[in-house]
Amino acid sequence: MNMEIIIMGHGHFASGLYSTLELIGGEQEHVAWIDFTEDKDMDGLLEELKETADKMSECDNVLIACDLDGGTPYKTALLYSMQHQDVEIVSGISFPFLLELSLTRDMVDDMDTLLETTMNSARTAMKRFDLSQMGM
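Residues numbered from 1 in each chain as written. Predicted model: local features only at pLDDT ≥ 70, side-chain atom pairs only at ≥ 80, totals over all residues. Heavy atoms only, no water.

Caption draft 1: Local environment of the overall build of the protein chain. Scanning the protein chain for helices and strands turns up 5 helices and 4 strands. Scanning the protein chain from its N terminus toward the C terminus, one meets helices and strands in the order β-α-β-α-β-α-β-α-α. Taken against the 2.2 N^0.38 rule, which gives 14 Å for 136 residues, the C-alpha radius of gyration of the protein chain at 16 Å falls within 12% of a compact globule. When each of the 136 residues of the protein chain is scored for burial, the buried share is 42%. For the protein chain, the share of sequence-separated contacts (at least 6 apart) that also reach a separation of at least 24 residues comes to 72%. Each charge class in the protein chain can be summarised by its mean position, and for the 8 positive and 26 negative side chains these summaries are 8 Å apart. (Helix = DSSP H or I, 4+ residues; strand = E, 2+ residues; numbered from the N terminus. Rg over C-alpha atoms; globule rule 2.2 N^0.38 Å. Buried < 20%, exposed > 50% of the residue type's maximum accessible area, 1.4 Å probe, protein only. Contact = heavy atoms within 4.5 Å. Lys, Arg positive; Asp, Glu negative; His and termini not counted. Charge placed at Lys NZ, Arg CZ, Asp CG, Glu CD.)

Caption draft 2: Representation of the UniProt feature "domain: PTS EIIA type-4" (unreviewed entry) in the protein chain in the model. Feature annotation in UniProt assigns "domain: PTS EIIA type-4" (unreviewed entry) to the following positions: residues 2-126. The span residues 2-126 carries 51% helix and 19% strand; its end-to-end C-alpha distance comes to 29 Å. (UniProt positions renumbered as here; feature names shortened; annotations may be inferred.)

Caption draft 3: Quick peek at the state of the cysteines. Overall, the coordinates contain 0 disulfides when judged by the stated rule. Residue cysteine 59 stays outside any disulfide, its sulfur separated by 18 Å from that of cysteine 66, the closest cysteine. (Disulfide = S-S within 2.5 Å.)

Caption draft 4: Highlighting a negative patch on the surface. Together, Glu22, Glu27, Glu29, Glu58 and Asp106 make up a negatively charged patch on the protein surface. On the secondary structure map, glutamate 58 appears in the loop between helix H2 (42-55) and strand S3 (61-66). (Patch = residues over 30% accessible without salt bridge, like charges linked within 9 Å, V, L, I, M, F, W, Y side chains within 5 Å. Areas by Shrake-Rupley, 256 points an atom, 1.4 Å probe, with all protein chains shown as cover. Salt bridge = Lys/Arg side-chain N within 4 Å of Asp/Glu carboxyl O.)

Caption draft 5: Region of interest: the pairing of strand S2 (residues 31-36). The element S2 is largely enclosed, with a buried count of 5 among its 6 residues. The pairing of strand S1 (residues 3-10) with S2 spans 6 bridges and is classified as parallel. Residue glycine 9 lies in a different strand from S2, and its bridge partner there is aspartate 35. Of the crossover connections in this fold, the one passing from S1 over helix H1 (residues 13-25) to the parallel S2 is right-handed. (Pairing = 2+ DSSP bridges. Right-handed = clockwise from strand over helix to strand, strands pointing away.)

Caption draft 6: Molecular detail of the nonpolar core. Met3, Ile7, Phe97 and Leu101 are the most contacted members of the largest nonpolar core, which totals 23 residues. Beyond its immediate stretch of four places on either side in the chain, leucine 101 contacts Met3, Ile5, Leu63, Leu114, Leu115 and Thr118. (Core = buried A, V, L, I, M, F, W, Y, C linked by side-chain atoms within 4.5 Å.)

Listed below in structure tokens is the structure:
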């Protein structure tokens, strides 16, 4: 799927995820990040989102992956999506979600299938360590 991914989050969440993604998954094409730091307001964040999306305009689909549902990055993504078609927004992202998404996005042609599969994989990636299962 010809898709760009824009990671957005509070603090340095987005740049941290991107850095980890490149470390583990290699160089990433059509992936960008936007950190929402204390020196930015919502208008500035929206402008940065527009500029970032414009730089990657050769893609047909845009997925904006946000840290929190209802936070400023999420609300900014919603504002952007109201003016642009083919934009999907996902909140509550984790590194397993982002890694799976980046590795499988070229193998799936349907956004709904891609997101359903990726979100399910991310849910099952969370594990609780239980020492008793190790016989100790």
